[in-house]
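Observations on the three-dimensional arrangement
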Amino acid sequence: MSISQSKIVLLNLMELCAAIFRGPDEQGWRELATHGLPELLGRVQDFPGLAAEPLERLRRALAPHADAGDFSPLETEYVRLFIAGPGGVPAPLYESCHRDGAPRTMGRSALAMGDRLAEAGLEISLPSNEPPDHLALELEYLFHLCAEGWTNDPALADKAARFADEVMLPWVGCFRDRLAGADPDPVFPAAADIALALLGAVAQA
């Protein structure tokens, strides 16, 4: 089964968002800003409605860092927003913190995500103590379902659509709202909006 160019772009958007929310180092940010993002922007223009606007916002937000040759402020901002901000973490990257009532890690959502990863035979690509419902891991799982489903297995494609619609969209929307309230560097809300756009597209695929 061949895969359409628009779905290839969706897979690329998943990789982009997973990389950003995994927390790139300075070299990772540089490669994203100078190579990955410009190439993806050029391709997404062919598919109206496929996250072109938040991708352009991401390009504009990264431009000052690229011009200065210094992406270290983004590493500091990543820590403040997602790991250890003053007075708490403004926007945790874990589904459990947005869906399971009390905002804590390793809730029911994390257990369910661990089961999904194990069923798919996927290993966690973050430090071993990271809960499995980290946004980057859920995006990687979605990538797996879509890549397999869109090329080989329609049942996995259906599973991907349900996962995007029923699991990810509700909590990523909450995450985006909390992020917006934390006076973030515009790089991160743009990336969250890209994630929401691609999730909506996968849910309708």
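Residues numbered from 1 in each chain as written. Predicted model: local features only at pLDDT ≥ 70, side-chain atom pairs only at ≥ 80, totals over all residues. Heavy atoms only, no water.

Given a rise of 1.5 Å per residue, 18 residues ought to cover 26 Å, and the 26 Å separating the end C-alpha atoms of helix α9 (residues 187–204) matches this to within 8%. Counting buried residues along α9, 13 of its 18 residues qualify, which places the element largely inside the surrounding structure. (Helix = DSSP H or I, 4+ residues; strand = E, 2+ residues; numbered from the N terminus. Expected span 1.5 Å × (residues − 1). Buried < 20%, exposed > 50% of the residue type's maximum accessible area, 1.4 Å probe, protein only.)

As a further point, take the packing of helix α3 (residues 52–68) against α9. Interaxial distance between α3 and α9 falls to 8 Å at its minimum, and their mutual angle equals 160°. In terms of orientation, α3 and α9 fall into the roughly antiparallel class. With respect to the hand of their crossing, α3 and α9 are arranged in left-handed fashion. On α9, the residues that touch P54, L55, R57, L58, A61 and L62 of α3 are V187, P189, A190, D193 and I194. Class assignment for the residues of the contact of α3 with α9 results in nine nonpolar, no polar and two charged. (Axes fitted to C-alpha atoms, helices over the stretch in contact; angles between N-to-C directions. Parallel < 35°, antiparallel > 145°, perpendicular 65-115°, else oblique. Left-handed = near helix turned anticlockwise from the far one by under 90°. Contact = heavy atoms within 4.5 Å. Nonpolar A, V, L, I, M, F, W, Y, C, P; charged D, E, K, R; others polar.)

So, on to helix α7 (residues 135–151). A rise of 1.5 Å per residue sets the reference length of α7, with its 17 residues, at 24 Å; its end C-alpha atoms lie 24 Å apart and thus fit the reference within 8%. Buried residues of α7: L135, A136, L137, E138, L139, Y141, L142, L145, C146, G149 and W150, and no others. Those residues of α7 that are buried are in contact with α1 (5–22), α6 (108–120), α8 (154–180) and α9.

Quick look at the packing of aromatic side chains now. All chains considered together, the criterion is met by nine aromatic pairs. Their ring planes at 85° and their centres at 5.9 Å tell us that W29 and F188 sit as a pair that is edge-to-face. Taken together, the positions of W29 in helix α2 (residues 26–44) and F188 in helix α9 put the pair 159 residues apart, joining distant regions of the chain. Of the two residues, W29 and F188, both sit in the buried class. For the pair Y141 and F163, a centre-to-centre distance of 4.9 Å together with 80° between the ring planes defines the contact as edge-to-face. Here Y141, found in helix α7, pairs with F163, found in helix α8; they are 22 residues apart in sequence, far enough to count as distant. F163 carries the same exposure label as Y141, and that label is buried. (Phe/Tyr/Trp six-rings, centres within 6.5 Å; stacked < 30°, edge-to-face > 60°.)

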